[in-house]
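In case you want the letters, here they are:
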Amino acid sequence: MIIEQFLKEQNEQFQTLLKKSTHAGWMAQTTGEKKWAEEAGKASSEFSLFYADKERYEQVRAFLKDTTLTSEQRRQLEILEYGMRENQLDKETIEELSTMSSELNYLFNTYMPEVDGERLSANDIRNVLLNSTDSLKREKAWKASKEVGKVVSEKLLELVKKRNVAARKLGYDNFYKMSFANQELDMEEVFSMFSDLVEQSDDTYRKLKSELDEELAEKFGVNVEELKPWHYVDPFFQEAPANEKTNLDTFFKGQDLEKLTADTFDSMDMPIEGLYASSDLEPREGKNPTAFCMDMNREGDIRVLCNNVDNTYWMGTMLHEFGHAAYNKYVNRDLPYLLRSFAHILTTESIAMLFGKMTENREWLSKFLKLDDSKLDEMMPSLAKHEQLKMLISGRWIITFVYFERQLYENPDQDLNSLWWETVEKIQLLNPPEDRTNPDWAAKIHFTLAPVYYQNYLLGELTAAQLYQYIKNNISHEFFTRKVGAFIRDEFLAPGATYHWNRKIEKVTGEPLNPAHFVKAYCPNEKVNN
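Residues numbered from 1 in each chain as written. Predicted model: local features only at pLDDT ≥ 70, side-chain atom pairs only at ≥ 80, totals over all residues. Heavy atoms only, no water.

## Section: the overall build of the protein chain
Then, in step 1: Counting its regular elements, the protein chain contains 21 helices and four strands.
Then, in step 2: Taking 530 residues into account, the globule formula puts the C-alpha radius of gyration at 24 Å, and the protein chain, at 23 Å, falls close to it.
Then, in step 3: A principal-axis box enclosing the C-alpha atoms of the protein chain has dimensions of 70 × 50 × 45 Å.
Then, in step 4: Counting the 530 residues in the protein chain, one finds 58% classified as buried. (Helix = DSSP H or I, 4+ residues; strand = E, 2+ residues; numbered from the N terminus. Rg over C-alpha atoms; globule rule 2.2 N^0.38 Å. Buried < 20%, exposed > 50% of the residue type's maximum accessible area, 1.4 Å probe, protein only.)

Rendered as structure tokens:
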């Protein structure tokens, strides 16, 4: 009874704090107003202070020693402990870290670079890198995308060092190690997994990237060795460029992205259209220029922010973000509030990624875009190869970010600008720009907004590959069916955070996370280490 009463109180307090935090956070991201950025910082501080309560922390640790706990009680206490462990700090430190992070987020959300006297949004820069054949124009746009790095780098490094100081107070070598531990991730296991992925995919990646570079060199009238980062289609080489055979933008021109997204989830008896009214899906100045999903209260108020344009990128983004939204919507509402969420960041990313990549899936293109079989027969070989390249480019980018971020926290005083380009050159095989002295790395908002998060994107991709193959082999050859929807909804989503993430994967697919499924899917000619 004592434990039940304790958990009841923690769930109630957590609920109150979450609602306040998400409201301020949503307003900050959708208005660009500094007052809401400040409110979000305050709310974040209050949340951190909840976790920082030493008496509560010691009580949680004491309860966890009880051998008579139910599995549900133990899991709630474990989640509390992981949240509290990294917050056993003094109030001043907690508030300082929250305030610095909010200030940096405000700079990211409101900064717009200028090129030849014209202010460029993130979509403007993306459009140049997607469509322009003028190398000079591309170079200017790419460099403009990095300008925010110069604006935030000094304050960001100060924040990194303060995070490290805070982590050392709690007995960790640095903030990075602390974050891995509190995300229930084994750092050496994850880095070993990523290292193996680089090795096992290397021949395939080099072959495909070499073919891509030859195409780009011909397109821009330069030699392969003269290709620079601005010759690719996004500022960080996260994506594979579509060529004439794989550029689907013409099929999405004039399409209703909201309807296509709703139809996709409706086909699996997982409707999400009711979430549109409270979401913010159209581009406008002052709001966050990217995309995310936010569960406001774990009671059904789930919102998505996008900046939609009728093209392939934003169609995939809508499917991705509403994959997150579906996860949040279909968690069992009878669970205790603390368990009424995803099992781990990587499990919600896996569902988002599973849906986000469907814009190049034959079944989806036929069922929702209504492309006929003859057209699909013509397109699919190129699309399949493009999907392979896209996944390998994405994987290499994530590993680049993760490797660099680890070293950033291990030694923030080293020459990070050079280290960034050394890592990019080694892992992504990109030619660096002549000037490597700028803090180009700092232009990636995740260093500020979501520190030590990026590894979960790739772990999510590995999970998505494993889940998709299990569904195809054991549930249904067709994906967009009510049977598959029921399986995903009832087996993967509904249990929420009841289980450790890897136990969940094992319960659903019959084995713990196994990267072999990703290698088999995207590097079919490589040797797979099971």
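## A look at the nonpolar core
Then, in step 1: Counting residues in each nonpolar core, the largest one holds 87 residues, and the members touching the most others are F194, W420, W441 and L459.
Then, in step 2: Residues in contact with L459, not counting those within four places in the same chain, are L185, V190, M193, F194, L346 and L513.
Then, in step 3: Counting 56 residues, the second largest nonpolar core, distinct from the first, contains W314, Y327, Y330 and M380. (Core = buried A, V, L, I, M, F, W, Y, C linked by side-chain atoms within 4.5 Å. Contact = heavy atoms within 4.5 Å.)

## Notes on the packing of helix α9 (residues 187-220) against helix α15 (residues 373-410)
Then, in step 1: At a minimum axis distance of 9 Å, the contact between α9 and α15 shows a crossing angle of 135 degrees. Relative to α15, the element α9 lies oblique. For the crossing formed where α9 meets α15, the hand is left-handed.
Then, in step 2: Taken together, the residues of the contact of α9 with α15 sort by class into 13 nonpolar, four polar and seven charged. (Axes fitted to C-alpha atoms, helices over the stretch in contact; angles between N-to-C directions. Parallel < 35°, antiparallel > 145°, perpendicular 65-115°, else oblique. Left-handed = near helix turned anticlockwise from the far one by under 90°. Nonpolar A, V, L, I, M, F, W, Y, C, P; charged D, E, K, R; others polar.)

## Digging into the pairing of strand β3 (residues 292-295)
For a regular strand, the rule is simple: side chains alternate between the two faces of the sheet.
Then, in step 1: Where burial is concerned, the two faces of β3 agree: the one with F292 and M294 and the one with C293 and D295 are both buried.
Then, in step 2: Taken together, β3 and the strand that follows it, strand β4 (residues 302-305), pair antiparallel across an intervening segment of six residues, in which R298 is found at a positive phi of about 60 degrees. (Pairing = 2+ DSSP bridges.)

## Some words on the packing of aromatic side chains
Then, in step 1: Applying the stated criterion to the full structure yields 41 aromatic pairs.
Then, in step 2: Seen in terms of ring centroids, Y454 and Y457 are 4.7 Å apart; in terms of plane orientation they differ by 80 degrees. Their pairing is edge-to-face.
Then, in step 3: Residue classification places Y457 among the buried positions, given a relative accessible area of 17%.
Then, in step 4: Taking 5.6 Å as the distance between ring centres and 45 degrees as the angle between the ring planes, the aromatic pair formed by Y468 and F479 counts as tilted. Of this pair, Y468 sits in helix α18 (residues 455-474) while F479 sits in the loop between α18 and α19 (482-493), placing them 11 residues apart in sequence.
Then, in step 5: Its relative accessible area of 19% is what places Y468 among the buried residues.
Then, in step 6: For F479, a relative accessible area of 1% translates into the label buried.
Then, in step 7: A network of ring pairs unites the aromatic residues F236, W397, F401, F404, W420, W441, F447, Y453, Y454 and Y457 as a single cluster.
Then, in step 8: Above the ring of Y313, the side-chain terminus of R126 is found at 3.7 Å from the ring centroid.
Then, in step 9: Across the ring face of F191, the terminal group of R406 is positioned such that the distance to the ring centre comes to 4.4 Å. (Phe/Tyr/Trp six-rings, centres within 6.5 Å; stacked < 30°, edge-to-face > 60°. Lys NZ or Arg CZ within 6 Å of the ring centre and 35° of its normal.)

## Details of helix α8 (residues 175-182)
Then, in step 1: With six of eight residues buried, α8 lies mostly within the body of the structure.
Then, in step 2: Within the sequence span of α8, burial applies to F175, Y176, M178, S179, F180 and N182.
Then, in step 3: Residues of α8 that are buried make contact with α4 (71-85), α7 (135-169), α9, α15 and α18.
Then, in step 4: Of the residues flanking the start of α8, the one acting as N-cap is N174, its side-chain oxygen 3.0 Å from the backbone nitrogen of Y176.
Then, in step 5: Note on α8: the residue one or two positions beyond its end, E184, has a positive phi of about 60 degrees. (Polar contact = N/O pair within 3.5 Å; in protein donor to acceptor, adjacent residues only side chain to side chain.)

## What about unusual backbone geometry?
Then, in step 1: In this structure, D116 takes a positive phi of about 50 degrees despite not being glycine.
Then, in step 2: Turning to its location among the elements, D116 is positioned in the loop between β1 (114-115) and β2 (118-119).
Then, in step 3: For F237, which is not a glycine, the phi torsion comes out positive at approximately 50 degrees.
Then, in step 4: Turning to its location among the elements, F237 is positioned in the loop between α9 and α10 (249-252).

## Regarding the pairing of β4
Then, in step 1: What you see with β4 is no split at all: I302 and V304 on one side and R303 and L305 on the other are buried throughout.
Then, in step 2: Note: β3 against β4, four bridges, orientation antiparallel. Across the sheet, C293 pairs through a bridge with V304, a residue of β4.

## A word on the environment of K483
Then, in step 1: Looking at the element boundaries, K483 is found in helix α19.
Then, in step 2: Relative accessible area serves as the criterion here: at 55%, K483 is assigned to the exposed category.
Then, in step 3: Along the chain, K483 and M268 lie 215 residues apart, while their C-alpha atoms are 7.3 Å from each other.

## Observations concerning the packing of helix α12 (residues 312-329) against helix α13 (residues 345-356)
Then, in step 1: Packing of α12 against α13 leaves a shortest axis separation of 7 Å and a crossing angle of 140 degrees. Taken as axis vectors, α12 and α13 run oblique relative to one another. As for how α12 packs across α13, the hand of that crossing is right-handed. Along its contact with α12, which presents G316, L319, H320, G323, H324 and Y327, the element α13 presents T347, T348, E349, I351, A352, M353, F355 and G356.
Then, in step 2: Residue composition of the contact of α12 with α13, by class: six nonpolar, seven polar and one charged.

## Regarding helix α1 (residues 2-31)
Then, in step 1: In this model α1 runs 44 Å from its N-terminal to its C-terminal C-alpha over 30 residues, within 8% of the 44 Å that 1.5 Å per residue would give.
Then, in step 2: At the C-terminal side of α1, G32 shows a positive phi close to 70 degrees. (Expected span 1.5 Å × (residues − 1).)

## Some remarks on the side chain of T347
Then, in step 1: Along the chain, T347 falls in helix α13.
Then, in step 2: Here the side chain of T347 touches H344 through a polar contact of 2.8 Å, landing on its backbone oxygen.
Then, in step 3: In this view, T347 contacts Y327, F342, F492, W501 and K504; residues no more than four positions away in its chain are not counted.

By themselves these figures say nothing about function.
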